[in-house]
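So you can see what is in the structure, the chains are spelled out below.
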Amino acid sequence: MVQLLVKEESKHWINVATSLSTELAATAVERDNKAGLPDIEIQRLRETGLLPLVVPKEYGGIGATWAEALKIVQELSKADGSIGELYGNHLNLTTLAHVSGTPEQKERYYRETAQKNLFWANAINTRDTRLKITAEGENFRVHGIKSFGTGVAIADFRVFAAIQDNVELPLVFIIPKDRAGVASNQDWDNIGQRRTDSDTFTFYDVLVKTDEILGYPHPPDGAFSTFLGIIAQLTKTYVYLGIAEGALAAAKQYTVTQTKPWITSGVDSATQDPYILNHYGNLWAELQAAISLADKAATQVQQAWDKEVNLTFKERGEVAVSVFAAKAFATRVGLNLTTGIFEVMGTRSTGSKYGFDRYWRDLRTFTLHDPIDYKLRDIGNWVLNEQLPIITQYS
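Residues numbered from 1 in each chain as written. Predicted model: local features only at pLDDT ≥ 70, side-chain atom pairs only at ≥ 80, totals over all residues. Heavy atoms only, no water.

- Per an unreviewed UniProt entry, the chain goes by Acyl-CoA dehydrogenase family protein and derives from Nostoc flagelliforme FACHB-838.

If you want it as structure tokens, here you go:
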């Protein structure tokens, strides 16, 4: 049974996240320009105690629900989309053995995460099949290349997926940071999410122990064993929402303090300009609608999570449709907002020193994780034909 945080405890962790978000916002432009390893950000997450947020209390964690945890992802993303993505991925991964592992792996990884205050990252990306795993006695060896290793270089636990010869489904495994033979190629140089350090990694005959492979040799089946993919989709949605919220707050501050009214507006202040007011009204209303849709999906996700192995495929599919709708809408609203803010701030707001473009760059980069066209297609297929989404890593 998932333990709901008492009101005071829940408020405490929101306050911790808000304080950290404010702190990170002060250096966000500088860190975006620098790119590189998110060492400062992860260290601050450790120090604030947020890493074991969704680890159940019986294993030494905080015991937050998904609905509570995702609001913290949203809060951190307001300051910096990179830290929102890193933290959201971490929360998902800390529960990976709960969904896909053995009971022994579930207890081991939950307890170790809480006791040692560990940070998780991954390069699962099953569409990249260049990483190979082969049996060697009682253990395995891994060699090859894996892309999109978001935060892996600084993670305590690293999660990867590798392919066996003549086997369709990949094996997912967890190795510690000090495992020999794993090298970052330091090739993450994208327009956005620049502090995620999502490098490509090369494996040189890396040892993987049998008990480090999730659910090996008999992985769990049923709807719950695939449910983390749905949670990951909603987690991304809350990163998008946080980025959009941060952009709107930054634009408001600039408009109030810097923007000048247009010469034919007939008003003395930009905050009285009818067109600026109209734009802010639209942007705010759309963002509130997107947040509400995501919050509704988060409640459904938590209800499904509580059912664990009793979750049916029909229930899973219906939750997936709600999550896809929230993600698609947040993408559309967020991209519109992060470009629309320049219309209410004016020409000088494009100065590099402000870094207002980072909101769009971060959102544009992360929303390309997987196409929302396919999410909308799945929703339409459910609406018209009552067909639930096909289960994949992304659905």
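## A word on the overall build of the chain
Working step 1: Regarding its fold elements, the chain presents twelve helices and seven strands.
Working step 2: Against the 2.2 N^0.38 benchmark of 21 Å for 395 residues, the chain shows a C-alpha radius of gyration of 22 Å, consistent with a compact globule.
Working step 3: Judged by the C-alpha coordinates and their principal axes, the chain covers about 80 × 45 × 45 Å.
Working step 4: Looking at the chain residue by residue over its 395 residues, the buried ones come to 53%.
Working step 5: When contacts within the chain are restricted to residue pairs at least 6 apart in sequence, long-range pairs at least 24 apart make up 75% of them.
Working step 6: Accessible surface computed for the chain: about 18000 Å², of which carbon and sulfur atoms make up 53%.
Working step 7: Charge-centre separation for the chain: the mean point of 40 positive side chains lies 3 Å from the mean point of 47 negative side chains. (Helix = DSSP H or I, 4+ residues; strand = E, 2+ residues; numbered from the N terminus. Rg over C-alpha atoms; globule rule 2.2 N^0.38 Å. Buried < 20%, exposed > 50% of the residue type's maximum accessible area, 1.4 Å probe, protein only. Contact = heavy atoms within 4.5 Å. Areas by Shrake-Rupley, 256 points an atom, 1.4 Å probe, with all protein chains shown as cover. Lys, Arg positive; Asp, Glu negative; His and termini not counted. Charge placed at Lys NZ, Arg CZ, Asp CG, Glu CD.)

## Comments concerning the pattern of salt bridges
Working step 1: Inspection of every chain in the model, using the stated rule, returns 25 salt bridges.
Working step 2: Across the pair Asp-189 and Arg-194 runs a salt bridge, and its minimum N-O distance is 3.8 Å.
Working step 3: In this structure Arg-194 comes out as buried when scored by relative accessible area, which is 19%.
Working step 4: Taken together, the salt bridges that share partners define one network made up of Arg-31, Asp-39, Glu-41, Asp-80 and Arg-195. (Salt bridge = Lys/Arg side-chain N within 4 Å of Asp/Glu carboxyl O.)

## Concerning the packing of aromatic side chains
Working step 1: For the structure shown, the criterion picks out 16 aromatic pairs.
Working step 2: On the basis of an interplanar angle of 85° and a centroid distance of 5.6 Å, the ring pair of Trp-66 and Trp-305 is categorised as edge-to-face. Residue Trp-66 is located in helix α4 (residues 66-79), and its partner Trp-305 is located in helix α9 (residues 274-307); the two are separated by 239 residues in the primary sequence.
Working step 3: For Trp-66, a relative accessible area of 3% puts it in the buried group.
Working step 4: Geometrically, the ring pair formed by Tyr-254 and Tyr-354 is edge-to-face, given 5.2 Å between the ring centres and 80° between the ring planes. With Tyr-254 in helix α8 (residues 228-257) and Tyr-354 in the loop between α10 (313-345) and α11 (357-366), this pair connects stretches of sequence that are 100 residues apart.
Working step 5: Owing to a relative accessible area of 26%, Tyr-354 belongs among the partly exposed residues under this scheme.
Working step 6: Through a chain of ring-to-ring contacts, three or more aromatic side chains come together here, namely Phe-160, Phe-173, Phe-201 and Phe-203.
Working step 7: Note that Arg-358 overlies the ring of Tyr-359, its terminal NZ or CZ placed 4.3 Å from the centroid.
Working step 8: Here Lys-375 stacks its cationic end above the ring of Phe-324, 5.0 Å away from the centre of that ring. (Phe/Tyr/Trp six-rings, centres within 6.5 Å; stacked < 30°, edge-to-face > 60°. Lys NZ or Arg CZ within 6 Å of the ring centre and 35° of its normal.)

## Some details on the sheet that holds strand β5 (residues 171-176)
Sheet strands associate in pairs through backbone hydrogen bonding, adopting either a parallel or an antiparallel arrangement.
Working step 1: The mixed open sheet is built from three strands, whose spatial order is β1-β4-β5. Each end of this open sheet is capped by a strand with a single partner; those strands are β1 (120-123) and β5. When the angles between neighbouring strand axes are averaged without regard to direction, this sheet yields 25°.
Working step 2: The strands that helix α5 (residues 81-94) touches are β1 and β4 (157-162); relative to β1, the one it contacts most, it runs at about 90°. (Pairing = 2+ DSSP bridges. Axes fitted to C-alpha atoms, helices over the stretch in contact; angles between N-to-C directions.)

## A few points about the nonpolar core
Working step 1: Leu-45, Leu-53, Tyr-87, Val-142, Phe-173, Phe-203 and Phe-227 are the most contacted members of the largest nonpolar core, which has 114 residues in total.
Working step 2: Residue contributions to this core peak at 15 residues, all from α8.
Working step 3: Leaving out residues up to four positions away in the same chain, Tyr-87 has contacts with Leu-45, Leu-50, Leu-53, Ile-72, Val-73 and Leu-76. (Core = buried A, V, L, I, M, F, W, Y, C linked by side-chain atoms within 4.5 Å.)

## Section: the UniProt feature "domain: Acyl-CoA dehydrogenase/oxidase N-terminal" (unreviewed entry) in the chain
Working step 1: Annotation from UniProt places "domain: Acyl-CoA dehydrogenase/oxidase N-terminal" (unreviewed entry) at residues 16-115.
Working step 2: Along residues 16-115 the backbone is 73% helical and 0% strand, and the end-to-end C-alpha distance reaches 20 Å. (UniProt positions renumbered as here; feature names shortened; annotations may be inferred.)

## Concerning the packing of α8 against α10
Each pair of packed helices can be described by the angle between their axes along with the distance between the axes.
Working step 1: In contact at an axis separation of 9 Å, α8 and α10 are set at 20° when each is read in the N-to-C sense. In terms of orientation, α8 and α10 fall into the roughly parallel class. When the axes of α8 and α10 are compared, the crossing they make is left-handed.
Working step 2: Considering only residue class, the contact of α8 with α10 consists of 19 nonpolar, six polar and three charged. (Parallel < 35°, antiparallel > 145°, perpendicular 65-115°, else oblique. Left-handed = near helix turned anticlockwise from the far one by under 90°. Nonpolar A, V, L, I, M, F, W, Y, C, P; charged D, E, K, R; others polar.)

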